[in-house]
Each structure stands twice: as structure tokens, then as C-alpha cells.
Amino acid sequence: MYTNWKGEKRERQIVPIKMWYVSTEFHPKPQMLLQALDIEKNQVRDFAVKDIEPIV
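Residues numbered from 1 in each chain as written. Predicted model: local features only at pLDDT ≥ 70, side-chain atom pairs only at ≥ 80, totals over all residues. Heavy atoms only, no water.

Undergrad: Residues and numbers for the overall build of the protein chain, please.
TA: When you go through the protein chain residue by residue, the secondary structure sums to zero helices and five strands. Each helix and strand of the protein chain, placed in order from N terminus to C terminus, yields the pattern β-β-β-β-β. At 11 Å, the protein chain has a C-alpha radius of gyration in line with the 10 Å of a compact globule built from 56 residues. Principal-axis analysis of the C-alpha atoms places the extent of the protein chain at approximately 25 × 20 × 20 Å. Taking all 56 residues of the protein chain together, 21% fall into the buried category. Taking the intrachain contacts of the protein chain between residues at least 6 apart in sequence as the baseline, contacts between residues at least 24 apart amount to 28%. (Helix = DSSP H or I, 4+ residues; strand = E, 2+ residues; numbered from the N terminus. Rg over C-alpha atoms; globule rule 2.2 N^0.38 Å. Buried < 20%, exposed > 50% of the residue type's maximum accessible area, 1.4 Å probe, protein only. Contact = heavy atoms within 4.5 Å.)

Undergrad: Describe the environment of Pro30, listing the residues and the values that go with them.
TA: For Pro30, the location among the structural elements is in the loop between β3 (14-22) and β4 (31-38). Here the alpha-carbon distance between Pro30 and Trp20, two residues 10 residues apart in the chain, equals 9.8 Å. Discounting residues that sit within four places of it in the chain, Pro30 has contacts with Tyr21, Val22 and Ser23.

What follows is the structure, encoded as C-alpha cells:
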């Protein structure tokens, strides 16, 4: 489950590429981001690690 910058929460299927500490247009405060291939959109996206819920 991931909550995007608009506050929308939904399940995402991704293939991780890399993690790094940076700021971006959608994540303006420096933080840990996960760059991954979003399977549904078939695009590489950046995900804020703090907004990823653990699988239980």
C-alpha cells in the first residue's frame, strides 16, 4: 500500500530499481526515495519510503 503526494492510498505493484536520499518536484523535502518500475503504469516512478506501508 502506498499513499501518494495527493493523499490517495492504494496497492501498487513495483519492481525496485534503487534507493537514494534526495528531493524532487513531488517530494520537495530531502528524504529516502525508492525508484521503481510501476507495473500498472509501465513507468519508472519515485516513491517516498515513509509513505509505503509494510506488508503484514
